[in-house]
Amino acid sequence: MSEMDAHLLIVDDDERIRTLLQKFLMRNGFLVTAARDAAHARRILSGLDFDLIVLDVMMPGEDGLSLTKALREDRSVPILLLTAKGETGNRIEGLEAGADDYLAKPFEPKELLLRINAILRRMPEAPADQTAPKVLSLGGIRYDMERGEMWQGEELIRLTATEMQLMKIFSASCNEPISRAKLVEELGRDRGQAQERAVDVQITRLRRKIEEDPKQPRYLQTVRGAGYMLAPE
């Protein structure tokens, strides 16, 4: 997806930050809508779809973590959380709730722009060729490699943008272990142990959607000393 086509929703109770980000992102080619709190965001979301949401965690009333969990019940829109510096717990909880990335305050607007563009680039695009669809079988789950869709029977399983990208990475290298460091690189994240732990969280969430018993994974396996591996039937 081109960032020039993207419509972003900024949710932050700090008017100064909200206005600054809105102006900055609009100057960089985005269509931007702003909300002052979670309740305001819910009203906007009831009538509009967005390509990405930038969401502050610490807000009066409903906080960003609660809103993230609620949105993940029926939406797969990418979510980037803004967290307080040093609030590691919030970051991990946010990823577990379904966020795709986080950025600690204070931050440079340029870094936010880079992260937004990285997330949007990870969104799946239709393939150029029209070859026959390739479908992987994961027990009762089917993964359509061409469409980037996961199905259980006739029900479409909702995947976040990061989960979609992980499935794209794994399906391209079935039965081959991929290291955590390589996954971080493929996801366009900064290198480091914190990002590798964030990948672990995303793998745990993905297993809940794939595996009959996520604690004893059969298809998205951990390979000791090597990383993770997708082993379809």
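Residues numbered from 1 in each chain as written. Predicted model: local features only at pLDDT ≥ 70, side-chain atom pairs only at ≥ 80, totals over all residues. Heavy atoms only, no water.

Brief notes about helix H4 (residues 88-97)
Because an α-helix completes one turn every 3.6 residues, residues spaced three or four positions apart along the sequence face the same direction. Of all the positions in H4, only Asn90, Arg91, Gly94, Leu95 and Ala97 are classed as buried. Along the long axis of H4, the arc covered by the buried residues comes to 160 degrees, so they all point the same way. In this structure, the buried residues of H4 make contact with helix H3 (64-71), strand E4 (79-84), strand E5 (101-105) and helix H8 (193-210). (Buried < 20%, exposed > 50% of the residue type's maximum accessible area, 1.4 Å probe, protein only. Helix = DSSP H or I, 4+ residues; strand = E, 2+ residues; numbered from the N terminus. Arc of directions from axis to C-beta. Contact = heavy atoms within 4.5 Å.)

Brief notes about the UniProt feature "modified residue: 4-aspartylphosphate" (unreviewed entry) in the protein
As annotated in UniProt, the feature "modified residue: 4-aspartylphosphate" (unreviewed entry) corresponds to Asp56 in the numbering used here. As for its position among the elements, Asp56 is in strand E3 (residues 52-56). Asp56 gets classed as buried once you look at its relative accessible area, which sits at 4%. Dropping the residues within four chain positions of it, Asp56 is found in contact with Val11, Asp12, Asp13, Gly64, Leu82 and Lys105. (UniProt positions renumbered as here; feature names shortened; annotations may be inferred.)

Concerning the environment of Glu149
You can see Glu149 is positioned in strand E8 (residues 149-152). Sequence separation between Glu149 and Lys168 is 19 residues; the distance between their C-alpha atoms is 10.0 Å. A distance of 3.2 Å separates a polar atom in the side chain of Glu149 from a polar atom in the side chain of Trp151. (Polar contact = N/O pair within 3.5 Å; in protein donor to acceptor, adjacent residues only side chain to side chain.)

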